[in-house]
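Notes for the structure review
These are the residues of each chain, in order.
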Protein chains: 2
Amino acid sequence: INFSVCHSQIMDDSAPLSSCSVFAWLVGASQVLGVTSVVLTGFNLHPLCMVLGLVFLQGDAILVYRVFRNEPKRNVKVLHGIIHLLALIIGIIGIVAVFDFHREAKIPDMYSLHSWCGMATLILFCIQWVMGLLFFLFPVASSWLRASYLPVHVFCGLVLLVMAIGSSLLGMTEKLLFSIMQPYSLFTPEGVLANVLGILLVCFGIVLGYLITREEYRRPPNPEEESLSVHFKTLTEGASPTGP
Amino acid sequence: INFSVCHSQIMDDSAPLSSCSVFAWLVGASQVLGVTSVVLTGFNLHPLCMVLGLVFLQGDAILVYRVFRNEPKRNVKVLHGIIHLLALIIGIIGIVAVFDFHREAKIPDMYSLHSWCGMATLILFCIQWVMGLLFFLFPVASSWLRASYLPVHVFCGLVLLVMAIGSSLLGMTEKLLFSIMQPYSLFTPEGVLANVLGILLVCFGIVLGYLITREEYRRPPNPEEESLSVHFKTLTEGASPTGP
């Protein structure tokens, strides 16, 4: 797989000349924001795993469809699925870590808004991953069903990314008020750093959201690829699902 | 203005028959979720104003483009602007209320992640409203500039709605840990009710996001309306911006 951010630019003269470099800058910015966020949450296993898995890797798994939009679709699909599997495993490690911590410290589980939102995100993420596998990697669904499910899958993916970022911010607020409630109000460095991390996560979400939803960065439709693809059902049933 | 949820259904036989009723149900669900959230936050002026203004009214101001998608565009624009102005005024009342409360209780301002996110949301909301007014209600920008800004305006609107919901959840978490940190972990009714409110706000955001981004609920392009509209610049400059 070649890194092909600017590939479409070369092939399509109708696109504005600045579109390619803006795209490259935004992808670069998203990676800087994501890596910085992961490094800043490295103080503890639970937040590290959740931000690495459900924010950074989930975001990048979605981004592969934009960065590699001129590569064969099946390869990108497989990469998308693998990164999401990695995100899911790291997310589960992060959840197990916090339940272990609660058991040892005799802290009740699942009573806070953070835990409700976080658990909902992880459960829906599992469902989304299994549905994606069944619908798009193994051709068990009809092409009509796949085409109908695709926009729902894309929408739910973005919702899950936003929910993961929101849950992270809720968790940080909880942690800050448990640990440093008094000094937090005096602008202690730890509190300010945590707030900055929160803002970085929000910025990561905004840049990712922009890259994903912007029409010009979408995978160009390729009917030839669709009809030649391994999803032979499209040949017999007529309707051809387009790439997310 | 007629309530025209099902208008396009009658005129366009190619749309699936269920599309209209699904749309009506989702709009109804969003209103039930929004009103319930507003009622549940009625315990205090600051959260009431923020949820009513920046979540419920902001959401509904965006939704008018979908609900009244067959009405004259200028009327819908004015309605969109008026509801947003109302949202902005209520939001400013809510911010003033919390600063007043802090001053009386001698609590420091603007140190928490909730305050940073909330203030960023309100400031960006003001900028977005002024930009929208200049670009789309008063034709000071060229039609090319308006058409270029439109997708950015639409994207930023959705980001602001999500930020408002996220900030609300952060504020609720803060309030719960300040007021009932010990009983919260024992599943006290107040804590559970607040968590349910948080989940309702998330559901409101998801339903709104789906209604706004779904392609089939968009305003149908109407070149005749565009060329006949008051934006006479489109006649001389050629490019015609399409509705959000």
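Above this note sits the structure.
My aim in this report is to walk through the structure given alongside it, one point at a time.

Thresholds applied
Residues numbered from 1 in each chain as written. Chains lettered and ligands numbered in written order. Predicted model: local features only at pLDDT ≥ 70, side-chain atom pairs only at ≥ 80, totals over all residues. Heavy atoms only, no water. Helix = DSSP H or I, 4+ residues; strand = E, 2+ residues; numbered from the N terminus. Buried < 20%, exposed > 50% of the residue type's maximum accessible area, 1.4 Å probe, protein only. Areas by Shrake-Rupley, 256 points an atom, 1.4 Å probe, with all protein chains shown as cover. Core = buried A, V, L, I, M, F, W, Y, C linked by side-chain atoms within 4.5 Å. Contact = heavy atoms within 4.5 Å. 1 Å grid on protein atoms, 1.4 Å probe; cavity = no way out; pocket = protein on both sides within 12 Å on 5 of 7 lines; lining within 4 Å. Points joined across faces, edges and corners; volume = space filled by probe spheres on them. Nonpolar A, V, L, I, M, F, W, Y, C, P; charged D, E, K, R; others polar. Patch = residues over 30% accessible without salt bridge, like charges linked within 9 Å, V, L, I, M, F, W, Y side chains within 5 Å. Salt bridge = Lys/Arg side-chain N within 4 Å of Asp/Glu carboxyl O. Buried area = accessible area lost by both parts, 1.4 Å probe. Polar contact = N/O pair within 3.5 Å; in protein donor to acceptor, adjacent residues only side chain to side chain. Expected span 1.5 Å × (residues − 1). Least-squares fit on C-alpha atoms with pLDDT ≥ 70 in both.

Some words on the overall build of chain A
A count of helical and extended segments in chain A gives nine helices and zero strands. Helices (α) and strands (β) of chain A occur, in sequence order from the N terminus, as α-α-α-α-α-α-α-α-α. Counting over 244 residues, chain A shows a buried share of 49%. Accessible area for chain A stands at about 11,700 Å²; split by element, carbon and sulfur atoms hold 73% of it.

Observations concerning the nonpolar core
Generally speaking, a soluble globular protein has its nonpolar side chains buried in company with each other. By size, the foremost hydrophobic cluster in this structure holds 114 residues, and its most contacted members are L169 and L201 of chain A together with L169 and L201 of chain B. Dropping the residues within four chain positions of it, L169 of chain B is found in contact with L113, C117 and L170 of chain A together with G198, L201 and V202 of chain B.

Focus: the layout of surface pockets
In this structure, the second largest pocket spans a volume of roughly 1,100 Å³. Taken together, 45 residues make up the lining of the second largest pocket; nearest its centre are H46, H114, G171, E174 and K175 of chain B. Among the secondary structure elements, those contributing two or more residues to the lining of the second largest pocket are α6 (143–184) of chain A together with α3 (45–67), α4 (73–105), α5 (113–137), α6 (143–184) and α7 (189–213) of chain B. Per element, the largest residue contribution to the lining of the second largest pocket is eleven residues, and it comes from α6 of chain B. A class-by-class count of the residues in the lining of the second largest pocket yields 26 nonpolar, 15 polar and four charged.

Quick look at a nonpolar patch on the surface
Residues and elements named next belong to chain A. On the surface, a nonpolar cluster with roughly 340 Å² of combined accessible area is contributed by L45, L85, I89 and I93. Along the chain, the position of I89 falls in helix α4 (residues 73–105). The exposure class assigned to I89 is partly exposed, which follows from its relative accessible area of 44%.

Brief notes about empty space enclosed by the protein
All names here are of chain B. What the rule picks out here adds up to one cavity of 30 Å³ or more. A volume near 200 Å³ is recorded for the largest cavity. Breaking the lining of the largest cavity down by element, the ones donating at least two residues are α3, α4, α5 and α6. Looking at the lining of the largest cavity, the element that brings in the most residues is α3, giving four residues. Across the lining of the largest cavity, the residue classes tally to seven nonpolar, six polar and one charged.

Here's the deal with the interface of chain A and chain B
Each side of the interface is counted separately: chain A has 35 residues, and chain B has 35 residues. With both sides pooled, the region where chain A packs onto chain B buries about 3,200 Å², and carbon together with sulfur makes up 82% of that total. In this structure, the connection of chain A to chain B is made through zero salt bridges. Run the count over chain A and chain B and you get six residue pairs in polar contact (both at pLDDT 80 or more). In terms of residue count, α6 of chain A provides more of the side of chain A that touches chain B than any other element does, 15 residues in total.

Examining α4 of chain A
Here α4 of chain A is 33 residues long and its end C-alpha atoms lie 48 Å apart, about the 48 Å a rise of 1.5 Å per residue gives. Downstream of α4 of chain A by a residue or two, K106 of chain A has a phi angle that is positive, lying close to 55°.

Details of the relation of the copies chain A and chain B
Put simply, the two copies of the chain differ by a rotation about an axis and a shift along that axis. Superposing chain A onto chain B takes a rotation of 180° plus a shift of 0.0 Å along the axis, which leaves an RMSD of 0.0 Å. Given the turn and translation reported, the copies of this chain are related as if by a two-fold rotation axis. By residue overlap, the copies meet face to face through one surface: 100% of the interface positions of chain A are interface positions in chain B.

Looking at the pattern of salt bridges
Under the definition given, this model contains six salt bridges over all chains. Where D100 of chain A meets R103 of chain A, a salt bridge forms, and the shortest distance between an N and an O atom there is 2.8 Å. Within this pair, D100 of chain A and its partner R103 of chain A are both found in helix α4, separated by three residues, close to a single helical turn. We note a salt bridge from E215 of chain B to R218 of chain B, for which the minimum N-O separation is 3.3 Å. In this structure E215 of chain B comes out as exposed when scored by relative accessible area, which is 56%.

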